[in-house]
Amino acid sequence: MIKKVCQQVFKVNNSTPNALKSYADIPGPRSVPLLGSLFSLKGFGGEYNLLEFRDFQDILQSHYGNIVKWELFNQKNVYLYDPDLIRQAFKTDGNTPHRSLLFPILKLHKKLGIKSTLSNSQGERWRKLRSLSNPCMARPQAILSYLPNQNQVANELIDLIEQKFHTTSNSITYHKFDQILRLLALEYVSEIAFDKRLYCVDEKKRLADVDQLVTCINTFFIQAGRLLFSPPVWKYYPTKDWVEFEQASRYIYKKTGEYIHNAYEDLSNNHGKQTILKEFLVRKDKHGMSTDDVVGLMTDFLMAGVDTTATAIHYLLYDLSTNPAIQDKLYQEINQVVGNSGEITEDHLNKLKYLKCVVKESLRLHSSVPANSRILTEDTQIGDYLIPKGVVLVFCNSFISKSEKYFKNATSFNPDRWIHEKEINPYAVLSFGFGARMCIGRRIAEQEIYLTMIKLMQKYRVEYIGEKPGLKIGLVAAPNRPLDLNLHRR
Ligand code: HEM
């Protein structure tokens, strides 16, 4: 009888034979009222270092298993390290999935008087912003229509590199290529978003403030991560990290505001070309949105689309350099399908199967977003536990995607494993998240990555110089070393 009532009241899995355990039964570090597990943190008498977030997740798993409770102040988190538990968690997503909000960004928005954007809103507001954005940001046909513009941007990258070659030499060393990748990612996304060229990868035409803008976006991600993963002193006192975060953010909002404003002014002169900005402005009223909301959305895309994509390409170049046989195999495929063609088409992309395996494998090994989350909006069964509404479920993607349990020789770079993708548990690699709230820029990012890799591989054999990179602290898990490359003309 009790079990039947439970099944009706809560989201309970019918197959569970025994009574459910409670949230309090979930293993985890000792927690005290109000402070939670503060005394388990380094600097407070404990051993855990939240700033080393990936290691923190892994150590927590090794101490407590695949479902772990972690409380800090009034926030209750449950870390999940098993794809089947994550599958159960996503079942609760519904029409308006709630992802845990990034508190430093919330404070910043409040201070600067900015309304919540897509990545930082919940409920009905999120649903409206998302349904305004989905048709131009997520539909495959819409993304393919951006291909000609993206081709143009990728060609500019090659022109930039070619200028570095001396007439007599067939190899060059390119230092800090990661900065070029961030500029490239900004150009891709701004070109698509509002048909406004910033000429980020053209040294002669590049707008003066673009270098500072990408540096500020990078600082924004690093400091947002540092603030998020440290005790929230910054909520009450402007710490050094907070000051750097706020300064970088102010610059980003000022500059992107200017670009969007200019693009807005130019809309009537853009030769009828369809841009995301134009699309949003036409449809905003139908979705109950204002011009300010549209500006917020565009800024969100510009920011979310730079360090994420640049980091993914950074790791890809590293993986291909350190696995020359795989780089050769990829080149063979590109050569066969695309040859020397300068214009990459939908047909080419459809045929480049190995390229897609290479990209998936690199994202598996180095998920640039190391964990994702959902906030439970009702009491829910996860595994053997009944977890109350309001708890944050944290999905430990980077742990699972490198686990021998789900991937043979898990730490080796083996794109061939994706040839039999159906055999891979779909919840074991969630580089772009899942469901209605998954990354809205996924297809745009993938297309940018494919194009960049095709153009680079067509022209050069890449060779990484330097030591194996470690991880930089931040919202995006990026390498802690600059990308220095030797590029050899083919
Ligand atoms: C390799 C590149 C990228 C990776 C790995 C990545 C990863 C992610 C992940 C894991 C999420 C959370 C999804 C979830 O909660 O289920 C997300 C959300 C988001 N991403 Fe990306 N992303 C990338 C590129 C981009 C690009 C290029 C853009 C914009 C053009 C973008 C815009 C966003 C936005 C706006 C959200 C919030 C969506 C929402 O809350 O509805 N991302 N991304």
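These numbers come from a predicted model, not from an experiment.

Quick notes on the coordination of the iron atom of the ligand
- Just one protein atom donates to the iron atom of the ligand; it is C439 (SG), sitting 2.3 Å from the metal.
- With respect to the helices and strands, C439 occurs in the loop between α17 (397–400) and α18 (442–459).

Some thoughts on the sheet that holds strand β4 (residues 171–174)
- In space, the three strands of this open sheet follow the order β4-β12-β9, with antiparallel pairing throughout. If you trace the sheet from one side to the other, it starts and ends with β4 and β9 (460–465), each paired once. Shown here is a sheet whose adjacent strand axes are inclined to one another by a mean of 20 degrees, direction ignored.
- In terms of strand pairing, β4 meets strand β12 (residues 484–489) through four bridges, oriented antiparallel. The partner of Y174 across the bridge, within β12, is L485.

Section: the nonpolar core
- Counting residues in each nonpolar core, the largest one holds 109 residues, and the members touching the most others are I161, F177, F280 and L317.
- It is helix α8 (residues 177–194) that provides the largest number of residues to this core, a total of twelve residues.
- Among residues more than four places away in sequence, those in contact with F177 are L157, I161, L317, L483 and L485.
- Listed in part, the 44 residues of the second largest apolar core include L60, A89, I382 and F407.

Description of the environment of L430
- In this structure, L430 sits in the loop between α17 and α18.
- Excluding its chain neighbours within four sequence positions, the residues that come into contact with L430 are I86, F90 and N397.

Brief notes about the layout of surface pockets
- The space that makes up the second largest pocket amounts to roughly 570 Å³.
- As for the second largest pocket, its lining consists of 27 residues, of which K360, E421, F432, R442 and E446 are closest to the centre.
- Taken together, the elements giving at least two residues each to the lining of the second largest pocket come down to α5 (123–137), α16 (353–365) and α18.
- Taken domain by domain, the lining of the second largest pocket gets at least three of its residues from each of domain 1 (1–94 + 370–430) and domain 2 (109–369 + 436–489).

Considerations on the UniProt feature "binding site: heme" (unreviewed entry) in the chain
- When the UniProt feature table is mapped to this numbering, "binding site: heme" (unreviewed entry) covers C439.
- For C439, a relative accessible area of 35% corresponds to the partly exposed category.
- Not counting chain neighbours up to four residues away, the residues in contact with C439 comprise R130 and F432.

Some details on the environment of Q327
- Secondary-structure assignment places Q327 in helix α14 (residues 324–337).
- Sequence separation between Q327 and L317 is ten residues, and the spatial gap between their C-alpha atoms is 9.2 Å.
- Leaving out residues up to four positions away in the same chain, Q327 has contacts with L320, S321, M457, Y460, R461, V462 and R490.

What about the site of the ligand?
- Close to the ligand lie 27 residues, the nearest being R99, W126, R130, R437 and C439.
- At 3.1 Å, a backbone N or O of F434 approaches an oxygen atom of the ligand.
- Among the elements of the structure, α5, α12 (291–304), α13 (307–322) and β5 (372–375) are those that each provide at least two residues to the shell around the ligand.
- When its residues are assigned to classes, the shell around the ligand shows 14 nonpolar, nine polar and four charged.

Thoughts on the state of the cysteines
- Inspection of the entire model under this criterion finds zero disulfides.
- Here C216 is not disulfide-linked; the sulfur of C200 is the nearest cysteine sulfur, at 14 Å.
- In this structure C396 is not part of a disulfide, and its nearest cysteine sulfur, from C439, lies 20 Å away.
- By relative accessible area, which is 0% here, C396 ends up buried.

A closer look at the pairing of strand β3 (residues 75–80)
- Where strand β2 (residues 67–72) meets β3, six bridges bridge the pair, whose relative direction is antiparallel. When the sheet's bridge partners are listed, L72 is paired in β3 with Q75.
- Connecting the antiparallel pair β2 and β3 is a turn made up of two residues, with F73 showing a positive phi of about 50 degrees.

Overview of the confidence of the model for the chain
- In the predicted model, the chain carries a mean pLDDT of 90, and the fraction of residues at 70 or more is 95%.
- Averaged pLDDT values for the elements of the chain fall to 47 in helix α1 (residues 2–9) and rise to 98 in α14.
- Low pLDDT (under 50) marks residues 1–17, which in the prediction has 17 contacts with non-local residues, meaning those over four places away or in another chain.

Some thoughts on the domain arrangement of the chain
- Domain annotation of the chain identifies domain 1 (1–94 + 370–430) and domain 2 (109–369 + 436–489).
- Relative to domain 2, the C-alpha centre of domain 1 lies at a distance of 30 Å.
- A buried area of about 2,400 Å², summed over both sides, lies between domain 1 and domain 2, and 64% of it is on carbon and sulfur atoms.
- The largest share of the area that domain 1 buries against domain 2 comes from L51, R54 and F413, three residues that together contribute 32% of it.
- For the pair domain 1 and domain 2, the interface holds three salt bridges.
- One salt bridge in this structure joins R417 and E361, with 3.0 Å as the shortest N-O distance.

Brief notes about unusual backbone geometry
- Although it is not a glycine, F73 sits at a positive phi angle of roughly 50 degrees.
- Located in the positive-phi region is N409, a residue other than glycine, with phi close to 45 degrees.
- Structurally, N409 is set in the loop between α17 and α18.

Basis of the calculations
As a convention, each chain's residues are numbered from 1 in the sequence order in which they are written. Residues qualify for local features only when their pLDDT is at least 70, as the model is predicted, and side-chain atom pairs are given and counted only at 80 or more; totals for whole chains, interfaces and linings, by contrast, use all residues. Water and hydrogen atoms play no part in the side-chain values, which are based on all heavy atoms of the structure. Any N, O or S atom lying within 2.8 Å of the metal counts as a donor, and for Na, K and Ca the limit rises to 3.2 Å; water is left out, so some sites can look incomplete. For helices the rule is a DSSP run of H or I covering at least 4 residues; for strands it is a run of E covering at least 2, with both sets numbered from the N terminus onward. When DSSP finds at least two bridges between two strands, those strands are taken to pair. Every axis in this analysis is a line fitted to C-alpha atoms, fitted for helices over the stretch in contact. Angles between the N-to-C directions lie between 0 and 180 degrees. Nine residue types can take part in a nonpolar core, namely buried Ala, Val, Leu, Ile, Met, Phe, Trp, Tyr and Cys, and a core is a set of them joined through side-chain atoms within 4.5 Å. Exposed residues in this analysis have more than 50% of their type's maximum accessible area, buried residues have under 20%, and partly exposed residues fall in between, with area computed by a 1.4 Å probe over protein chains only. Contact between two residues is taken to exist if any of their heavy atoms lie within 4.5 Å; hydrogens are not considered. With a 1 Å grid laid over protein atoms only, a set of points is called a cavity when a 1.4 Å probe fits there but cannot get out and a pocket when it is open yet has protein on both sides within 12 Å along at least five of seven lines; lining residues have an atom within 4 Å of a point. Grid points are joined across faces, edges and corners, and a volume is the space filled by probe spheres set on the points. Marked domain ranges trace back to an automatic or database domain assignment. UniProt positions are given in the numbering used here, feature names are shortened, and annotations may be inferred rather than shown by experiment. The nearness test applies per residue and asks whether one of its heavy atoms lies within 4 Å of the molecule or strand. Pairs of N or O atoms within 3.5 Å make up the polar contacts considered here, provided that, within protein, one atom can donate a hydrogen while the other can accept it, and that residues adjacent in sequence are counted only when both atoms are side-chain atoms. Gly is put with the polar residues, along with every residue not named as nonpolar or charged; the nonpolar set is Ala, Val, Leu, Ile, Met, Phe, Trp, Tyr, Cys and Pro, and the charged set is Asp, Glu, Lys and Arg. Cysteine sulfur atoms are paired as a disulfide whenever they fall within 2.5 Å. Known as pLDDT, the predictor's per-residue confidence is scaled from 0 to 100. Once two parts are put together, the accessible area they lose, assessed with a 1.4 Å probe and summed over both, is termed the buried area. The term salt bridge refers to a pairing of a side-chain nitrogen on Lys or Arg with a carboxyl oxygen on Asp or Glu at a separation within 4 Å.

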